[in-house]
Amino acid sequence: MPAVEAWLLGGPADGRITPIEVDEDGFLPQVIILPQSGAYLGAREHPSPPVQYRYVLCDGEADPPTFQYDGPLPHDE
């Protein structure tokens, strides 16, 4: 799929530009979900479960398009 560079505001990806895949008609998704996981040295032997963060496409024309942080998803979604 082709991709468009988009700006991410807020949350763990604040201030980053990242490629976002467009659909077959060339449109960006209204919502993107970015998974993030980590491994820590110390008391735990296994990495933390991944957390998924939601970003919502902002209204209006922007170049590059902008997605605003909307918070983490619950673990069961």
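Look up a bit, the structure's there.
Since the model is a prediction, treat every value here as computed from it, not as a measurement.

This brings us to the overall build of the protein. A tally of regular secondary structure across the protein gives zero helices and five strands. Ordered by position from the N terminus, the helices and strands of the protein form the series β-β-β-β-β. Sequence-distant contacts in the protein: of pairs separated by 6 or more residues, those separated by 24 or more amount to 37%. Working note: accessible area of the protein is about 5,700 Å², and carbon and sulfur atoms make up 52% of it.

The next subject is the pattern of salt bridges. Across all of its chains, the model carries one salt bridge by this definition. The shortest N-O distance in the salt bridge between D70 and R54 comes to 2.7 Å. Taken together, the residues span a long stretch of sequence, with D70 in strand β5 (residues 66–72) and R54 in strand β4 (residues 51–57) at a distance of 16 residues.

Once that is clear, we can look at the side chain of T66. With respect to the secondary-structure elements, T66 resides in strand β5. Within polar-contact distance, the side chain of T66 engages the backbone oxygen of P64 at 3.5 Å. Residues contacting T66, with those up to four places away along its chain left out, are W7, L9, V56, L57 and C58.

So, how was this worked out
- Residues numbered from 1 in each chain as written.
- Predicted model: local features only at pLDDT ≥ 70, side-chain atom pairs only at ≥ 80, totals over all residues.
- Heavy atoms only, no water.
- Helix = DSSP H or I, 4+ residues; strand = E, 2+ residues; numbered from the N terminus.
- Contact = heavy atoms within 4.5 Å.
- Areas by Shrake-Rupley, 256 points an atom, 1.4 Å probe, with all protein chains shown as cover.
- Salt bridge = Lys/Arg side-chain N within 4 Å of Asp/Glu carboxyl O.
- Polar contact = N/O pair within 3.5 Å; in protein donor to acceptor, adjacent residues only side chain to side chain.

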